[in-house]
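Structural features, examined
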Amino acid sequence: MPENMEIKARLDNLEALLPVIARLADEGPDYELQDDTFFVCGNGRLKLRVVDGGSGVLIHYRRADELGPKPSHYEYSNTSAPDTLRSVLALACGESGRVRKHRTIFRLGHARIHLDRVDGLGDFLELEIPIGDGLKPEDAASEANRLMTDLGVRKLSLVDGAYVDLLVAKQAGR
């Protein structure tokens, strides 16, 4: 099962961070409009992501809801019929939420850097560092911490859950 080391942080000013990351990055920026539908799942999270209104990818992942770098284990399957798959999964499992975002993607070393503008929530930074191919979990965590420092991400800005959790909490008034 593939694995990433990940962090998520709320951003006060995405526009200020964008040129900093662009100067440091090896690749990017690339842009995606992502529409994620989450389904009830007793073992981790299950989401169907539709990218730019076209193809989709069904992603199952397990990640602890904690602050700071944390491993995320995932599997995925691409689909050319995301609307049909969404309907089938909604009937079979039930939907638990929907997240729409504009994602700007960069690469820096091993890391994938995502600048996300999430509908109803605001701006966020995500770091994903793939574990494997000689990169150990502790090395990936060190790289995530170094990037947080280099990019000026404060520990107080870290988020422990998924965007869908933040949206559900917001809708519940928490």
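Below or above, wherever it landed, is the structure these notes cover. (Residues numbered from 1 in each chain as written. Predicted model: local features only at pLDDT ≥ 70, side-chain atom pairs only at ≥ 80, totals over all residues. Heavy atoms only, no water.)

Let's talk about the layout of surface pockets
For the largest pocket, the calculated volume is near 670 Å³. Along its surface, the largest pocket is lined by 28 residues, and Arg 49, Ile 59, Arg 103, His 114 and Glu 128 are the ones closest to its centre. When residues of the lining of the largest pocket are traced back to their parent elements, those giving at least two are β1 (3–10), β2 (27–39), β3 (45–51), β4 (56–63), β5 (70–79), β6 (95–108), β7 (111–118) and β8 (122–131). Of the residues forming the lining of the largest pocket, the biggest block, 5 residues, is contributed by β6. For the lining of the largest pocket, the residue count by class is 11 nonpolar, 4 polar and 13 charged. Approximately 170 Å³ is the volume found for the second largest pocket. Lining the second largest pocket are Arg 10, Leu 11, Asp 12, Asn 13, Ala 16, Leu 17, Leu 151, Gly 152, Val 153, Arg 154 and Ser 157. Across the lining of the second largest pocket, the residue classes tally to 5 nonpolar, 3 polar and 3 charged. (1 Å grid on protein atoms, 1.4 Å probe; cavity = no way out; pocket = protein on both sides within 12 Å on 5 of 7 lines; lining within 4 Å. Points joined across faces, edges and corners; volume = space filled by probe spheres on them. Helix = DSSP H or I, 4+ residues; strand = E, 2+ residues; numbered from the N terminus. Nonpolar A, V, L, I, M, F, W, Y, C, P; charged D, E, K, R; others polar.)

Quick notes on empty space enclosed by the protein
By the definition in use, this model includes 1 cavity of 30 Å³ or more. Counted as a void, the largest cavity has a volume near 30 Å³. If you go around the largest cavity, the residues you meet are Glu 6, Ile 7, Lys 8, Arg 63, Lys 70, Val 159 and Gly 161. The dominant element in the lining of the largest cavity, judged by the number of residues it contributes, is β1, at 3 residues. Each residue belonging to the lining of the largest cavity can be placed in one class, and the counts come to 2 nonpolar, 1 polar and 4 charged.

Regarding the sheet that holds β2
Reading around the circumference, β1-β5-β4-β3-β2-β6-β7-β8 is the order of the 8 strands in this closed barrel, with antiparallel pairing throughout. Within this sheet the neighbouring strands show an average axis-to-axis angle of 35°, counted without direction. Together, β1, β6, β7 and β8 form the strand contacts of helix α3 (residues 137–150), whose direction differs from that of β8 by roughly 150°. (Pairing = 2+ DSSP bridges. Axes fitted to C-alpha atoms, helices over the stretch in contact; angles between N-to-C directions. Contact = heavy atoms within 4.5 Å.)

A closer look at helix α1 (residues 14–24)
For α1, every residue scored as buried is listed here: Leu 14, Leu 17 and Ile 21. End-on, the buried residues of α1 take up no more than an arc of 65°, which puts them together on one face. The distance from a side-chain oxygen at the start of α1 to the backbone nitrogen of Glu 15 is 3.3 Å, and the residue carrying that oxygen is Asn 13. (Buried < 20%, exposed > 50% of the residue type's maximum accessible area, 1.4 Å probe, protein only. Arc of directions from axis to C-beta. Polar contact = N/O pair within 3.5 Å; in protein donor to acceptor, adjacent residues only side chain to side chain.)

What to know about the nonpolar core
By size, the foremost hydrophobic cluster in this structure holds 26 residues, and its most contacted members are Ile 21, Leu 115, Leu 125 and Leu 127. Every element with two or more residues in this core is listed here: β1, α1, β6, β7, β8 and α3. If you tally residues by element for this core, the top one is α3, at 5 residues. For Leu 115, the contacting residues outside a window of four places in its chain are Leu 11, Leu 14, Leu 17, Leu 18, Ile 21, His 102, Arg 103, Thr 104, Phe 106, Phe 124 and Leu 125. Among the nonpolar cores identified, the runner-up in size contains 14 residues, and Val 57, Ile 59, Phe 124 and Ala 162 belong to it. (Core = buried A, V, L, I, M, F, W, Y, C linked by side-chain atoms within 4.5 Å.)

These figures capture arrangement, not role.
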